[in-house]
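In case you want the letters, here they are:
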Amino acid sequence: MTKLRILEFPDPRLRTKAAPVEVVDDALRALIDDMFETMYAAPGIGLAATQVDVHKRLLVADVSAEKTDPHVLINPRILEKDGVAVTEEGCLSVPGYYEEVERANHIRVAFLDRDGKETEMEAEGLLAVCIQHEMDHLEGKLFVDYLSEAKRSRIRKRLERDRRQQAVSVA
Ligand code: ZN
């Protein structure tokens, strides 16, 4: 398995709309394994293929404390959503920033599993929020898009400054 590089805001590649997965094969399963390794190492609770610069409709998630509840959703589609959850969200592509975002608290979602089989699941609370956050990535959307323009541009400037400083310190 390989740890993949995670794109960071405001990288324009994060704005790409992902294309449906046509074939679920060993190459895709290898990518899924790499995405889990990358997510667990970060550490994070979810990762969309978009974040590792692969523009396919695929996400992985595991919100359990023991990292024992991995989910793979290929071509996910929300069938139902209800309730309201306001959660302080972070994102591996926006490191160091956490802000409250409002989403549905309960979802029913259809997707292909890692064998390419059509399946459905219900999710609540943190898992539901996580899946909605990752599905946004597949549309080229980030959690900072729910914040005010002023807040988003402050985060962008600080991240750009941090990156410039890192570049100077390794030069
Ligand atoms: Zn994210």
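Residues numbered from 1 in each chain as written. Predicted model: local features only at pLDDT ≥ 70, side-chain atom pairs only at ≥ 80, totals over all residues. Heavy atoms only, no water.

A. How the structure looks around the sheet that holds strand β2 (residues 58–61). Taken together, the five strands give an open sheet; going across it, the order is β1-β2-β3-β6-β7, and neighbouring strands pair in antiparallel fashion. The outermost strands of the open sheet, each flanked by one partner alone, are β1 (46–48) and β7 (118–124). Adjacent strand axes in the sheet meet at a mean angle of 40° when their direction is disregarded. Sitting on the sheet, helix α1 (residues 26–41) is in contact with β1, β2 and β3 (71–82), with an inclination near 40° to β2. Together, β1, β2, β3, β6 (106–112) and β7 form the strand contacts of helix α2 (residues 125–138), whose direction differs from that of β7 by roughly 125°. (Pairing = 2+ DSSP bridges. Helix = DSSP H or I, 4+ residues; strand = E, 2+ residues; numbered from the N terminus. Axes fitted to C-alpha atoms, helices over the stretch in contact; angles between N-to-C directions. Contact = heavy atoms within 4.5 Å.)

B. Representation of the coordination of the zinc ion in the model. Coordination of the zinc ion by the protein comes from Cys91 (SG), His133 (NE2) and His137 (NE2), over a distance range of 2.1 to 2.3 Å. Written as a sequence motif, the donor residues of the zinc ion are C-x41-H-x3-H. Of this pair, His133 and His137 both sit in helix α2, four residues apart, which is roughly one turn of that helix. Of the two residues, His133 and His137, neither departs from the other in class, the shared state being buried. (Donors = N, O, S within 2.8 Å, 3.2 Å for Na, K, Ca; no water. Buried < 20%, exposed > 50% of the residue type's maximum accessible area, 1.4 Å probe, protein only.)

C. Structural view of the environment of Arg15. Inspection of the secondary structure assignment puts Arg15 in the segment before α1. In this structure, the C-alpha to C-alpha distance between Arg15 and Arg154, residues 139 residues apart in sequence, is 19 Å. If we skip the residues at most four places from it in the chain, Arg15 touches Phe9, Gly140, Lys141, Leu142 and Asp145. A polar contact is formed between the side chain of Arg15 and the backbone oxygen of Gly140, at a distance of 2.9 Å. A polar contact is formed between the side chain of Arg15 and the side chain of Asp145, at a distance of 2.8 Å. (Polar contact = N/O pair within 3.5 Å; in protein donor to acceptor, adjacent residues only side chain to side chain.)

D. Spatial organisation of the environment of Ala18. With respect to the helices and strands, Ala18 occurs in the segment before α1. With 82 residues separating them in the primary sequence, Ala18 and Glu100 have C-alpha atoms 25 Å apart. If sequence neighbours within four positions are ignored, Ala18 has contacts with Thr50, His55, Lys56, Arg57 and Leu138.

E. View of the pairing of β3. By the bridge criterion, four bridges tie β2 to β3 in an arrangement that is antiparallel. Note that in β3 the partner of Val60 across the bridge is Val72. As paired elements, β3 and β6 share six bridges and run antiparallel to each other. From the neighbouring strand, Arg77 faces β6, where its bridge partner is Ala110.

F. Fine view of unusual backbone geometry. For the bond running from Phe9 to Pro10, omega is 5°, close enough to zero to count as cis. In this fold, Pro10 is placed in the segment before α1. With omega at -5°, the peptide bond leading from Ala42 into Pro43 counts as cis. In this structure, Pro43 sits in the loop between α1 and β1.

G. The arrangement of α2 in detail. A rise of 1.5 Å per residue sets the reference length of α2, with its 14 residues, at 20 Å; its end C-alpha atoms lie 21 Å apart and thus fit the reference within 8%. Counting buried positions over the 14 residues of α2 gives twelve, a clear majority of the element. Looking only at α2, the buried set comprises Leu127, Ala128, Val129, Cys130, Ile131, Gln132, His133, Glu134, Met135, Asp136, His137 and Leu138. With its phi angle positive at about 80°, Gly140 sits one or two positions after the end of α2. (Expected span 1.5 Å × (residues − 1).)

H. Quick look at the pattern of salt bridges. Taken as a whole and judged by the stated rule, the model has 16 salt bridges. Between Asp26 and Arg29 there is a salt bridge, with the nearest N and O atoms lying 3.0 Å from each other. Taken together, the positions of Asp26 and Arg29, both in helix α1 and three residues apart, correspond to about one turn of that helix. Asp26 sits in the exposed class, given a relative accessible area of 60%. (Salt bridge = Lys/Arg side-chain N within 4 Å of Asp/Glu carboxyl O.)

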